[in-house]
Amino acid sequence: MSERGVSGGRVRHNKMKIAILTSGILPVPAVQGGAVEMLTDHLLEYNDRLRLHDITVYSVWHTDVERHPALQSEANHYRYINTTSLWARVRKRLHALTHRHTYYHYSISYYLHQALSMMQGEDYDCVLLENRPGYALDLPMADKPKLVYHLHNDTLNNMARQGREIYNRAAKIITVSDYIRSRVATCANHDDKTVAVHNGIDLTPFATTPTVTRQQLGYSDEDFILLFSGRLVPEKGILEVIEAMRMLSDEPQIKLMVMGSSFYGNAIKDDPFISELKSRAEGLEDRIRFTGYVQHELMADYLRLADVTVIPSTWNDPFPTTVLEGMAAGLPIVTTDRGGIPEMVTPQNAIVLPFPGDLTGGLARAIRHLYQHRDECRSMGEVSKQLSQQYTKEIYARNFFEVLNSIA
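Residues numbered from 1 in each chain as written. Predicted model: local features only at pLDDT ≥ 70, side-chain atom pairs only at ≥ 80, totals over all residues. Heavy atoms only, no water.

Engineer: I tried to follow the packing of aromatic side chains on my own but got confused; where do I start?
Structural biologist: Two aromatic rings are characterised by how far apart their centres lie and by the angle between their planes. A full pass over the atoms with the stated rule returns ten aromatic pairs. A centroid spacing of 5.7 Å and a plane angle of 85° characterise the contact between Y104 and Y135, whose relative ring orientation is edge-to-face. One end of the pair, Y104, is in the loop between α2 (86-98) and α3 (106-119); the other, Y135, is in the loop between β6 (126-130) and β7 (146-151), and 31 residues separate them in sequence. Relative accessible area serves as the criterion here: at 18%, Y104 is assigned to the buried category. Given a relative accessible area of 0%, Y135 falls into the buried group. Between F224 and Y371, the aromatic rings sit 5.3 Å apart at their centres with planes inclined by 70°, giving edge-to-face as the arrangement. Of the two residues, F224 is situated in strand β10 (residues 224-229) and Y371 in helix α11 (residues 359-372); the sequence distance between them amounts to 147 residues. Overall, the relative accessible area of 14% leaves Y371 in the buried class. Aromatic rings pair up to connect Y46, Y396, F400 and F401 into one cluster. (Phe/Tyr/Trp six-rings, centres within 6.5 Å; stacked < 30°, edge-to-face > 60°. Helix = DSSP H or I, 4+ residues; strand = E, 2+ residues; numbered from the N terminus. Buried < 20%, exposed > 50% of the residue type's maximum accessible area, 1.4 Å probe, protein only.)

So this is what it looks like as C-alpha cells:
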C-alpha cells in the first residue's frame, strides 16, 4: 500500500498501473486544444506532481508533442499512434475494409486497434476510456484491467447502441455533470457505479497582467463588449447572438467579439455555417468582429477585455468550460438552461434563458438590461469570480483521483 495526500489530509490507496485511451482525434498533451484533451492534461499534471499512479497515455501523434515538457514526466508515459502520414492513411483505409461494423468511425477504430496492439503484454490494473465508452466492446471481458469511462458527452444512455452491454462492462463511470450522470442512469434499473466530477480549469492565466488591450483590438473604453467563445456550430447559439445584435441596433456601443472557429485549431475556411454567420452580420461590421481561432494562452486576455460572456447553447451542453472561463474572467454569464449549464451558475452571476423559446429576443433583452445596469453587471461579475474558485484544475483532479482510487 502507498499513502498519498489527495484531499488536504492523507488518503490511503493502492498505486495502480493505468492506461488512458484518448478520443483518437486530438493529441495529448493538448497541443491542438480540445476540452477533453486539456482536462486529461490536468489529470496528468496532478499525477506527475503527486506520483499517485503509473499512467500511460495512448494518443494520436502530432509533431508539436515531440518537445513538450510533459513528456519528461517519470509518473506519466506517452505512446503515440501516427494517423496522418501517407502510410497511416493507407492502413486506415485497409482497416475500414476489414472492419466494416465498428462502433465508431473507421479512423477512430484504427487508432483504437493500434493502441490495443501496443498495450499487449502490459499488466494494467485500470483502463480509462476518455469519452469513448464504445471502446469497451473491443476490450477483453475480465476482472482486470478494470474499465473506467470518463464521459464528457451524452453518449451512454438507454438509447445508445449496445448501451446496456457497455454499461455492464464498466467498473466505474465518471461523468462531467449531474446531467450526464442522469442520462447514464437510464441504462440500469439501479445505477450504483456512476459519479459526477465537475470539470475544472487553470485559473493562473486569469491572475496575470493582460498582454492584450482593447485599443490593440480596435475597441474603446466606452464600448460594451459581448464575448462569444467556442466552436462556431449551430448548436452553440451564435446565430441567435448575431440576430440579437440586429435587435440592439439602437445601442451602437454594444459590440460583439466572436472568438472561435469551426473545429478547434483546425479552422475550415469555407465552412458554410461560418459563411452564413458572416452573411447575417453584413452591415454590422463596425459592431461584430470575428477573431477566428485564438491560441489558448491568449484566451484569458481576450475574455478580460469583455463586459459579458454570451453562451446560449441550444443543445444539452454537458458542462462547457467556456462558462468556467467566463466566470474566471469575472464576467456575468448570459446562457441557457440546457444540459449541465444550470449546475454551473447561480441567479447571482448569470441570466439563464429558457430553451426552446424566443432565444433571440431573450438574448437582446438580457444584454440590454446588463448594458443599462452597469453596477448590477459588475456585481454579477464579482460573484462569477468567486464561484470560479470552486472549479480549479486542482480540485477537479483531486476529486477525479479520489473516485479512481476507490476501484483499487
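Engineer: Which parts of the structure should I look at to understand the sheet that holds strand β3 (residues 17-21)?
Structural biologist: Strand pairing in a sheet is mediated by backbone hydrogen bonds. Such pairs are either parallel or antiparallel. Spatial strand order, β5-β4-β3-β6-β7-β8-β9: seven strands in an open sheet with parallel pairing. Edge positions in the sheet fall to β5 (76-81) and β9 (194-196), since each has one partner strand and no second. On average, each strand axis in the sheet is inclined to that of its neighbour by 20°, with strand direction left out of account. Summarising the sheet, β7 and strand β8 (residues 172-175) pair through four bridges and their orientation is parallel. Each bridged residue has a counterpart across the sheet, and for V148 the counterpart in β8 is K172. (Pairing = 2+ DSSP bridges. Axes fitted to C-alpha atoms, helices over the stretch in contact; angles between N-to-C directions.)

Engineer: Sorry if this is basic, but what is going on with the nonpolar core here?
Structural biologist: When a protein is soluble and globular, its nonpolar side chains tend to lie buried together. By size, the foremost hydrophobic cluster in this structure holds 65 residues, and its most contacted members are L21, Y111 and Y149. Among the elements that take part in this core, α3 stands out by supplying six residues, more than any other. Leave out the neighbours within four places in its chain, and Y149 touches L129, P133, A136, L156, I166, R169, A170, K172, I173 and I174. I288, A364, A366 and Y371 belong to the second-largest nonpolar core, a separate cluster that totals 34 residues. (Core = buried A, V, L, I, M, F, W, Y, C linked by side-chain atoms within 4.5 Å. Contact = heavy atoms within 4.5 Å.)

Engineer: Help me understand the state of the cysteines, please; the structure alone is not making it clear to me.
Structural biologist: Such a bond, covalent and formed between the sulfur atoms of two cysteines, is termed a disulfide. For the coordinates displayed, the defined rule picks out zero disulfides. Just so you know, C126 is unpaired, no disulfide at all, and the nearest cysteine sulfur is the one on C187, 19 Å from it. (Disulfide = S-S within 2.5 Å.)

Engineer: I would appreciate a short explanation of unusual backbone geometry in the present structure.
Structural biologist: With glycine set apart, most residues show a phi of negative sign, and most peptide bonds adopt trans. Look at the link from V28 to P29: it is a cis peptide, with omega at 0°. With respect to the element layout, P29 can be found in the loop between β3 and α1 (35-50). Residue P356 is reached from F355 by a cis peptide bond, and omega for that bond is 0°. Its place among the elements puts P356 in the loop between β15 (350-353) and α11.

Engineer: Just to check I follow, could you spell out the environment of T40 for this structure?
Structural biologist: Within the secondary structure, T40 is located in helix α1. Since its relative accessible area comes to 1%, T40 is described here as buried. T40 sits 90 residues away from E130 along the chain, and the two C-alpha atoms are 8.3 Å apart. When residues no more than four places from it in sequence are discounted, the contact partners of T40 are I20, V28 and E130.

Engineer: Whenever I open this one, the confidence of the model for the protein chain confuses me. Can you help?
Structural biologist: One rule of thumb: low pLDDT means the predicted coordinates there are not for detailed reading. Of all residues in the protein chain, 94% have pLDDT values of 70 or greater, and the mean over the chain is 91. Every residue in residues 1-11 is under pLDDT 50, and counting partners more than four places away or in other chains gives 27 contacts. Every residue in residues 263-268 scores below 50 in pLDDT, and together they form 17 contacts with partners more than four places removed in sequence or on other chains. (pLDDT = per-residue confidence, 0-100.)

Engineer: Got a minute to help me understand a nonpolar patch on the surface in this structure?
Structural biologist: The grouping of L86, W87, V90, L94 and L97 at the surface amounts to a nonpolar patch, some 540 Å² of accessible area in total. Relative to the elements of secondary structure, L97 occurs in helix α2. (Patch = residues over 30% accessible without salt bridge, like charges linked within 9 Å, V, L, I, M, F, W, Y side chains within 5 Å. Areas by Shrake-Rupley, 256 points an atom, 1.4 Å probe, with all protein chains shown as cover. Salt bridge = Lys/Arg side-chain N within 4 Å of Asp/Glu carboxyl O.)

Engineer: Explanation requested: the pairing of strand β13 (residues 308-311) in the structure shown.
Structural biologist: Strand residues, when the strand is regular, have side chains that alternate between the two faces of the sheet. Here β13 shows no split at all, with V308 and V310 on one side and T309 and I311 on the other all buried. Pairing of β10 with β13 involves two bridges; the strand directions are parallel. When the sheet's bridge partners are listed, L226 is paired in β13 with V308. Bridge analysis of β13 against strand β14 (residues 333-336) gives three bridges, and the strand direction is parallel. Bridge pairing in β14 links V310 to V334. After leaving β13, the chain enters helix α9 (residues 321-328) and then returns to the sheet as β14, a path that is right-handed. (Right-handed = clockwise from strand over helix to strand, strands pointing away.)

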